[in-house]
Amino acid sequence: HQSKDKKQYTKVFGEKLNQKNEKLRGSRNSTPYTFGKPVFSGLTSEAKNILEYFPMLLDQVLPLDAKKKQLLPQHIHTLFHELTDERSSRKTHYLNDPVKLSAYTHYYVWWNLVRLTKLLQNLDIRLDDGDYAADFGSGPLTLVCALWIAKPKLRKKRLTWYCVDISNKALSFGEELFLALCAYTGKKDNGEILWTVKKVCGAFGTALSEKVSLVTEANMFNEIFWNSPLALEEQADKTRQLIMRYLKPQGAVLLIEPGIPLAGAFLSLLRDGFLKEGFTIESPCPHGKTCCIPNRQIQDRAGKIPVATHKWCHFTFETADSPTNLLRLSETSNLGKTRASLSFLFCSTNRNAATQTAKTNQQNSIQVRIYSDIFMPEPHTIGRYACSEKGFMLLISPAYKTSVLNKAVSGSILIVPEAAVQQHRRDKKTNALLVVID
């Protein structure tokens, strides 16, 4: 009987305790925190359908017999090592090799389409009829294909794409893949595909016959700066100068690289250069001031605005909603992944200056971009690192499931009351601004 009474008492007491905790959580969460547009969005139903169908598009362009399909996971794994730990011994024109091209397109192009589509869906890319755009390091036109998938409205614009790469074989394959994609989506105007692809076999810096409204690249500089004799600062300065030669006075730049420290530092340097040229930072930065996550030493800061040390700007998403067969192929290639990441920079020549002003002038609040995973800086407390116009931040809150920090994913924009940010409150370990989220 005592055991029965104890269970009953524990049940009643537990219910009262839960009610008390809910009231406490309600009072703690009384501040009206809101979210802005995140870096990544879930795939639309059309995009998901296209990406699931991608192997069938490949079969139309690069069919594999039964033996080649059987060897594909092995070739993918071999290429993985050539692109990572054996990078120094890899040939520059590796995509001219049919085996490597097949492995690259069946695995890397597919994964890149997933990550690029999730990113591009949330970027405000504006192009008008008659505009020219240039994609450098285009390879098999991965970024152009991803933009076609992610932006159905742009399919109705008459655009000309300069697709530039040192591998003519990859460009020719990419053009066929793009045409197969256009046919599958069925987005044609009077039987005509409105995007024109002009293949340019050459390196970054090759002359183009027209100035462009948009310069893009994906994973190109990652293959350049490892073996470049230039210091990273010099490489970034040279890159900015070349981009400015290609771009019209009113234009935009989208640079996407792997989510690694070197890429983060490189993009941070480019960001500094473009700001000096009068560009507006569209994304991911919620501000147009000095980068506070540069992964490099910044001089003359005098401690006024906190800057991260040994951290870099990159964003991660869960791969659960990726095509099932792609996840299966990753597993059979011994490259299974549950998360994918990237670093990027999207800026324009004051085209969206009004948007930037709205970002920085919201009354009594500031926007912060969360870029880290959840961690526990101390017991019963969760934290996330973030970027803001006030500098590098550490956001902390009680470790409730209902906490705003638990709801936020990597790349979320959180609107924080300006009163919550106080310069004298710093994290002892990182010197980040310590901001308590109720």
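Residues numbered from 1 in each chain as written. Predicted model: local features only at pLDDT ≥ 70, side-chain atom pairs only at ≥ 80, totals over all residues. Heavy atoms only, no water.

A few points about the nonpolar core
For clarity, the cut-off: Residues belong to one nonpolar core when they are buried, are Ala, Val, Leu, Ile, Met, Phe, Trp, Tyr or Cys, and are joined through side-chain atoms within 4.5 Å. Burial classes: relative accessible area under 20% of the type maximum marks a residue as buried, over 50% as exposed, and values in between as partly exposed (1.4 Å probe, protein chains only). Secondary structure elements are defined from DSSP: runs of H or I of at least 4 residues count as helices, runs of E of at least 2 residues count as strands, and each element is numbered from the N terminus. Here, residues are in contact when the closest pair of their heavy atoms is within 4.5 Å.
Leu-120, Ile-125, Trp-161, Phe-178, Trp-195, Ile-256 and Phe-344 are the most contacted members of the largest nonpolar core, which totals 84 residues. If you tally residues by element for this core, the top one is helix 4 (residues 98-120), at 13 residues. Excluding its chain neighbours within four sequence positions, the residues that come into contact with Phe-344 are Val-39, Leu-119, Leu-123, Leu-254, Leu-255, Ile-256, Leu-267, Ser-283, Pro-284 and Phe-315. Ranked by size, the runner-up nonpolar core spans 32 residues in total, among them Val-164, Phe-204, Phe-221 and Leu-270.

A few points about the confidence of the model for the protein
Rules: Scored between 0 and 100, pLDDT is the confidence that the predictor attaches to each residue.
Taken over all residues, the pLDDT of the protein has a mean of 86, while the share at 70 or more is 85%. Here residues 24-30 is a poorly scored stretch, pLDDT under 50, and it has eight contacts once near neighbours within four places are set aside; other chains count. In this model residues 356-361 is a low-confidence stretch, pLDDT under 50, and it forms 13 contacts with partners more than four residues away in sequence or in other chains.

With respect to the packing of aromatic side chains
In plain terms, the rule: For Phe, Tyr and Trp, where Trp contributes only its six-membered ring, two rings pair if their centres lie within 6.5 Å, and the inter-plane angle classes them as stacked under 30 degrees, edge-to-face over 60, or tilted in between. Look at NZ for Lys and CZ for Arg. If either is within 6 Å of the ring centre and within 35 degrees of the ring normal, a charge sits over the ring.
For the coordinates displayed, the defined rule picks out 19 aromatic pairs. Each ring, one from Tyr-107 and one from Tyr-108, has its centre 5.0 Å from the other, and the planes form 85°; the classification is edge-to-face. In this structure Tyr-107 comes out as buried when scored by relative accessible area, which is 3%. A ring pair is formed by Phe-136 and Phe-204, whose centres lie 5.1 Å apart and whose planes are at 85°; its orientation type is edge-to-face. You can see Phe-136 sitting in strand 2 (residues 132-136) and its partner Phe-204 sitting in the loop between strand 4 (195-201) and strand 5 (212-218), a full 68 residues away along the chain. Across the pair, exposure class does not vary: Phe-136 and Phe-204 are buried alike. Among the aromatic residues, those joined into a ring-pair cluster are Phe-136, Phe-204, Phe-221, Tyr-246 and Phe-266. The ring of Trp-111 has Lys-337 sitting right over it, with the charged end atom 4.9 Å from the ring centre.

Topic: unusual backbone geometry
In this model, Ser-283 is joined to Pro-284 through a cis peptide bond whose omega is 5°. For Pro-284, the position within the fold is in the loop between strand 7 (280-283) and strand 8 (315-318). The backbone of Asn-219 shows a phi angle near 65°, a positive value even though the residue is not glycine. If you trace the backbone, Asn-219 turns up in the loop between strand 5 and helix 7 (232-246). Backbone geometry places His-310, a non-glycine residue, at a positive phi of 60°. Here His-310 lies in the loop between strand 7 and strand 8.

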